[in-house]
Amino acid sequence: MTNGAAWTAHQLMTASSRRGLALEVPRYNPRPAGVIRDGSATQVVLAFMQRRPLWFTHRQIVQETGRSPKAVDWALLYLRAQALVECVPDAHRNPRYLRYRAVLATSASSLRKSP
């Protein structure tokens, strides 16, 4: 091995050992995934829907919460993924339009407990 190759190998070994140490240190994440932040559109949409256990269209949710249509879109996607909101096709309009409502507390607990 030449002197330059030995130096390069030494640098690579040192860098890899430093990376191993860095992974062991827990990092603080101010915005962890899966947490609904206070004041977010997701929190506002969920609170609105939990106060009124009715079926709502997307437009009604946007009007009642005062949030943008895109923010409500993302909130509904997240809440559906977390099984906090359920949706059905809108029978009065085209089936691609959905109606939404908050999942009842008993339904939500049974959905999460099922394997």
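Keep in mind that this is a model prediction, so the values were computed, not measured.

Draft legend 1. Layout of the packing of aromatic side chains. The final tally for this structure, using the stated rule, is one aromatic pair. Ring geometry for F48 versus F56: centroids 4.7 Å apart, planes at 50°, classification tilted. The exposure class of F56 is buried, given its relative accessible area of 8%.

Draft legend 2. Examining the sheet that holds strand β1 (residues 56-57) more closely. Spatial ordering of the open sheet is given by β1-β3-β2, a layout of three strands whose pairing is antiparallel. Because the sheet does not close on itself, it has two edges, and the strands there are β1 and β2 (85-89). Sheet analysis places β2 next to strand β3 (residues 98-102), joined by five bridges and oriented antiparallel. Of the residues in β3, the one forming a bridge with P89 is L98. Sheet strands in contact with helix α4 (residues 69-81) are β2 and β3, and its direction is about 105° off that of β2.

Draft legend 3. Structural context of α4. Under the 1.5 Å per step criterion, the end-to-end length of α4 is 18 Å for 13 residues, consistent within 8% with the ideal 18 Å. Every buried residue belonging to α4 is among V72, A75, L76 and L79, and all of these are buried. End-on, the buried residues of α4 take up no more than an arc of 100°, which puts them together on one face. Seen from the open side of α4, the exposed residues pointing more than 90 degrees away from its buried face are K70, W74 and A81. Along its buried surface, α4 packs onto α2 (41-51), α3 (58-65), β2 and β3. A83 sits one or two residues past α4 and shows a positive phi near 60°.

Draft legend 4. Broad picture of the packing of α3 against α4. Relative to each other, α3 and α4 sit at 115°, their axes nearing to 10 Å. With respect to α4, the element α3 is oriented roughly perpendicular. Both α3 and α4 take part in a crossing whose hand is right-handed. Residues H58, I61, V62 and T65 of α3 form the contact with α4, whose participating residues are P69, V72, D73 and L76. Residue classes in the contact of α3 with α4 are distributed as five nonpolar, two polar and one charged.

Draft legend 5. Just the pattern of salt bridges, in detail. Applying the stated rule across the entire model yields four salt bridges. Of the charged contacts in the structure, one is a salt bridge between R52 and E64, with a shortest N-O distance of 3.4 Å. Note that R52 is positioned in the loop between α2 and β1 and E64 in helix α3, a separation of twelve residues in sequence. Its relative accessible area of 35% is what places R52 among the partly exposed residues. Residue R93 pairs with D90 through a salt bridge whose shortest N-O separation is 3.9 Å. Overlapping salt bridges bring together D90, R93 and R99 as one network.

Conventions we followed
Residues numbered from 1 in each chain as written. Predicted model: local features only at pLDDT ≥ 70, side-chain atom pairs only at ≥ 80, totals over all residues. Heavy atoms only, no water. Phe/Tyr/Trp six-rings, centres within 6.5 Å; stacked < 30°, edge-to-face > 60°. Buried < 20%, exposed > 50% of the residue type's maximum accessible area, 1.4 Å probe, protein only. Pairing = 2+ DSSP bridges. Helix = DSSP H or I, 4+ residues; strand = E, 2+ residues; numbered from the N terminus. Contact = heavy atoms within 4.5 Å. Axes fitted to C-alpha atoms, helices over the stretch in contact; angles between N-to-C directions. Expected span 1.5 Å × (residues − 1). Arc of directions from axis to C-beta. Parallel < 35°, antiparallel > 145°, perpendicular 65-115°, else oblique. Left-handed = near helix turned anticlockwise from the far one by under 90°. Nonpolar A, V, L, I, M, F, W, Y, C, P; charged D, E, K, R; others polar. Salt bridge = Lys/Arg side-chain N within 4 Å of Asp/Glu carboxyl O.

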